[in-house]
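Working through the structure, step by step
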Amino acid sequence: MKLEKLITLSLLCVAVATPLQGQSGERFEHAIQSEYPSQERTFTVQLPPSYASQDKFDYPVLYVLDGETNLKYSTAVAEFLADNALIPEFIFVGVHAGPTRARDYLPTNPVANHASGEADQFLSYFEHELIPFVEENYRAAPFRLISGHSYSGVLVTYALVERPVLFDAYLTQSPYLDQTI
């Protein structure tokens, strides 16, 4: 019975994701000149609908990998759940992947002919640049989550193992583990 309820809720969230898009709070585009490695990194901050009216409230932050494609759906589903008092409202940070996606999301793999990347360096970007920027410029509660799918799910899994205190919750969907770790 619980499985049926979960499936029903999941389908409902997908069905209402598109109509909920207009209810979000403000959205801001940012770029940071990163040292991990030296390049410009972009991200989008999506504030919850109550952010402007609740000026004494701090919000947990959900970092959404592949933010240029996943942010819209993640915020719609979360806002639906928050509107129904199932989860709190979040500040969303959509981290754009861009052309360095595989390099950033995959750990170094010494096995020849396997995908390899620089995930440690990307996690340093989070730890030393992105998270401090968000926490200095927005009313962020001391509760951080990270979410990723496929290659970005590999990064989430890797972050859980290598830097377990960087985030308070790790949400990975269908991590592509074949030949990556």
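Relevant structure appears above.
Calculation rules
- Residues numbered from 1 in each chain as written.
- Predicted model: local features only at pLDDT ≥ 70, side-chain atom pairs only at ≥ 80, totals over all residues.
- Heavy atoms only, no water.
- Helix = DSSP H or I, 4+ residues; strand = E, 2+ residues; numbered from the N terminus.
- Contact = heavy atoms within 4.5 Å.
- Areas by Shrake-Rupley, 256 points an atom, 1.4 Å probe, with all protein chains shown as cover.
- Buried < 20%, exposed > 50% of the residue type's maximum accessible area, 1.4 Å probe, protein only.
- Pairing = 2+ DSSP bridges.
- Salt bridge = Lys/Arg side-chain N within 4 Å of Asp/Glu carboxyl O.
- Phe/Tyr/Trp six-rings, centres within 6.5 Å; stacked < 30°, edge-to-face > 60°.
- Expected span 1.5 Å × (residues − 1).
- Bend = angle between axes of the 7 residues up to and from the residue.

When helices and strands are tallied, the chain shows five helices and six strands. Shown N-terminal to C-terminal, the secondary structure of the chain runs as helices and strands in the order α-β-β-β-α-β-α-α-β-α-β. In the chain, 70% of the contacts between residues at least 6 apart in sequence involve partners at least 24 apart. Of the roughly 9,600 Å² of accessible surface on the chain, 57% is carried by carbon and sulfur atoms.

Below, the discussion takes up the pairing of strand β4 (residues 91–95). With five of five residues buried, β4 lies mostly within the body of the structure. Here β4 shows two buried faces, one formed by I91, V93 and V95 and the other by F92 and G94. Of the strand pairs in this sheet, strand β2 (residues 38–46) and β4 are connected by four bridges, and their pairing is antiparallel. Paired with T44 across the two strands is G94, which belongs to β4. Bridging between strand β3 (residues 59–65) and β4 involves five bridges; their strand directions are parallel.

Before going further, it helps to examine the pattern of salt bridges. Scanning the entire structure with this criterion turns up five salt bridges. Among the salt bridges present, the one from D104 reaches R41, with a minimum N-O distance of 2.9 Å. Here D104 is found in helix α3 (residues 101–105), whereas its partner R41 is found in strand β2, with 63 residues between them in sequence. The two residues D104 and R41 agree in class, both being buried. Among the ionic pairs, E127 bridges to R163, the shortest N-O distance being 2.9 Å. Residue E127 is found in helix α4 (residues 119–137), and its partner R163 is found in the loop between α5 (151–162) and β6 (169–173); the two are separated by 36 residues along the sequence. Looking at E127, the relative accessible area reads 36%, which means it is partly exposed. Linked by salt bridges that have partners in common, R41, R103 and D104 make up one network.

A full pass over the atoms with the stated rule returns 14 aromatic pairs. Taking the centre distance of 6.2 Å and the plane angle of 45° together, the rings of F28 and Y138 count as tilted. Here F28, found in strand β1 (residues 27–35), pairs with Y138, found in the loop between α4 and β5 (140–149); they are 110 residues apart in sequence, far enough to count as distant. On the basis of relative accessibility, which here comes to 29%, the residue F28 falls in the partly exposed class. The interplanar angle of 35° and the centroid separation of 5.6 Å between the aromatic rings of Y51 and Y59 together place this pair among those described as tilted.

With 19 residues, α4 should reach 27 Å at 1.5 Å per residue; the first-to-last C-alpha distance of 25 Å fits that figure. Largest kink in α4: about 40°, centred on F126. All of the buried residues in α4 are A119, F122, L123, S124, Y125, F126, E129, L130, I131 and V134.

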